Every structure is written in structure tokens, then in C-alpha cells.
Amino acid sequence: MAWEVIEEGEQALLYRFNGKISLKKGPKRLWLVASRIKKLEKITAHHNEYLAIEYLDGHTEHKQGPCTEYMNPLIHLSIKSKNCYCLDTNQAIVVYSKKEKSDLSEIRIVKGPGIFMLQPNEWVHKFCWHGEEENSKVKYVAGKSSFEVLNCAPDQLYYNVDEVRTADDALLRIKVMIFYEIKDIRKMLSETKDPIADFLNWCKSDVIAFTAAKTYLNFIETCHMLNDLKNYSKLVDRSNKIGYEITKVVFRGYFASPKLQTLHDTSVKTRTDLRLNYEAEIQNQKQLDFNLKNEINRLQMEQDLEYQKVINQLELNKARMMESNRILYEEEKAKIETDTKNKLKKLEV
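Residues numbered from 1 in each chain as written. Predicted model: local features only at pLDDT ≥ 70, side-chain atom pairs only at ≥ 80, totals over all residues. Heavy atoms only, no water.

K.L.:
Before we go on, may I ask you to explain the overall build of the protein in this structure?
P.N.:
Scanning the protein from N- to C-terminus turns up five helices and 21 strands. Scaling as 2.2 N^0.38, a compact globule of 349 residues should have a C-alpha radius of gyration of about 20 Å, whereas the protein reaches 53 Å, well beyond that. Dimensions of the protein along its principal axes, counting C-alpha atoms only, are 205 × 60 × 40 Å. Here the protein, with 349 residues, has 29% of them falling under the buried criterion. Split by element, the accessible area of the protein, about 23800 Å² in all, is 53% carbon and sulfur. Separation between the mean location of the 54 positive side-chain charges and that of the 51 negative ones in the protein comes to 6 Å. (Helix = DSSP H or I, 4+ residues; strand = E, 2+ residues; numbered from the N terminus. Rg over C-alpha atoms; globule rule 2.2 N^0.38 Å. Buried < 20%, exposed > 50% of the residue type's maximum accessible area, 1.4 Å probe, protein only. Areas by Shrake-Rupley, 256 points an atom, 1.4 Å probe, with all protein chains shown as cover. Lys, Arg positive; Asp, Glu negative; His and termini not counted. Charge placed at Lys NZ, Arg CZ, Asp CG, Glu CD.)

As C-alpha cells, then:
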């Protein structure tokens, strides 16, 4: 015999000696005689949670938080507090609902933003896709990425296409970056189980087809064309069929074996040296041509100056001679006139 107190906000089951059980709610003070009490566990769900309540009669109830429920073993099999799906703007979940009195189920897409609580007859689709290998952004492992909330925002992935062989048997590793965006979730669910695997496989197919038709040197000259979506026709076509859109593919470079890269580097250095020598020789010849033209122009100018000097000297001598002749002519004329005047005077006398 003892006193037992049930605090306010608590509940308990009172077990009597005759097998009867009754529910007691606090606040309450009980005098126990040949009986005992068992306090019930209080389970709480916050605003982003809900209570999944399983009853002994087999049915299940979900209660949206915030709420509180007491685990009563007389009527409850279990009570669990579970998280609701808190969806951002670019997130969505795929929900399946079982129809009443039917074995069929229907599908619906729930998009954010919002908080979503599952009903007892509903379950969420679980995605299992290729995911990035640990400590690597370019290697993918099947089934690595498992999730329920689907990202609907534009996204991208890095990928290295290994062991790509050129027409002259050179092995390369091609590095690309794929930008994609989901457009139709229902089409994606019906057409593929793993869109990332589809992207990787069809991108590899397009890259191999592009490289196989080119020699190593030809590939180096045309590798910039891998930035053009026109060279990824299979990838673009497949993505459209599974509800995705490939917006862009970026060629991030390539990697060759050390020996092949050394040969290529040597070849590039030789071609660069020859081109630099050629350009230097062209520049030297242009400088010689320029100097020669200037020298010819200078000689022409000196010749013109000498010629002009001779012309000027001749004209000066001519002018001097003409002036001397004119003076002699004037003197001779004056002398003749004087003689004539003297003769006339003599005749008059």
C-alpha cells in the first residue's frame, strides 16, 4: 500500500488485483491497495514531424505535428515520431497511393516548397542511381546514390571517358562536363531507372564515335568541337526520351599516355621552333627589304641632288656668259657710236 502521484500532463494505467485495467489522467493522487500503476510514454511530434500510430486492430493513423500521444498498450501496437518531407523550391518526391478496395496504385508528383506528410496508404519512391565514387568527382559506382527527394534544379556532372582509341591507335582519356535539367518526371520514371547511367553511357558512345574517325594529331586540332552539342546527338536524343534536357557539354581537356605525350610534346616543340625560326627569318628578310628600299631611296635622292646641282651650275654659268656678252656688246656698241660721231664732226669741219 502506498500513495502514487500522477503529474499534470501525464497518463497511467491502473492494474487492479482482479485483472481490471483503467486509464488515469493527471493531475491525480492514488492510494494503491493490491494494485499497481504503469505510466504511459509520452510521444511528441514537432511542426515538421508526424506520429505514425499502429493500433492493435490492424489499422494505422498518421497525425500531423505539432501533437502529442500516449503509448497505450491496450489499444496501440506502436507509436513512432517520423519526419515529414520538407521540400525546397526545386525539389519533388514521387508518391504512390493504394486505392481502396483495389490492388492498383496511383502515382502523383509532389513539388516544393512545402511540408508533406505521408498517409497510411502511401509510400515514397526510392531512387537508386549511379553516384560519385568516394574522393573522386569523375568516377561513378552503380547504386551509390540512394535518395527519395528529387532535385529538379539544373545540375551538372564531371566525367572522364577512358580508353578512347583514335584512328592511329592512340589511347586517350577525354574529360567532359555535362549540364542537364529534368523536364518530365513521369517520363523519367517510365523510361529509365538510372538517368545518370544513361548520360554516362551515351556520352561515352558519342565521344568514341567522334574520336575513332580522327588521327591523334587531327583530334588535337579539332578537339574544340567537343564543346558543340551537335557532336552529342545520341546523348541529346536519349535525354529527351527520358524526360531530361542536355543544355551544354563542356570539353575539359584530354590525357594521353606519358610516352605518347612526350612524343607529342617533342613534336610540338620542334614545330614551334621551326615556326619561330620561320617567323624570325621572315622578319629578317622584311628588315633587309626595308633597309634596301631606304638605301635605294637615299641614293636616288643623292643623285637627284647632284643632278640639280649640275643643272644649277650650268644655268649659273650660262647666265654669267650671257651677262659678259651683253657687256661686251654694249661696250662695242658704245665704241662704234663714239667713232661714228667723231668722223661726222671731222667731215663737218
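Now that the structure has been shown, the text picks up again.
K.L.:
Which parts of the structure should I look at to understand unusual backbone geometry?
P.N.:
Glycine aside, residues mostly have negative phi angles, and peptide bonds mostly take the trans form. With an omega of 5°, the peptide bond between G26 and P27 qualifies as cis. Here P27 is to be found in the loop between β3 (21-25) and β4 (28-32). A cis amide bond, omega 10°, links G112 with the succeeding residue P113. Tracing the sequence through the fold places P113 in the loop between β13 (105-111) and β14 (114-116). Of note, N135 is a non-glycine position whose phi angle comes to about 65°, a positive value. In this fold, N135 is placed in the loop between β16 (127-132) and β17 (140-147). According to the relative accessible area criterion, N135 is exposed, its value standing at 80%.

Function cannot be inferred from these measures alone, as they are strictly geometric.
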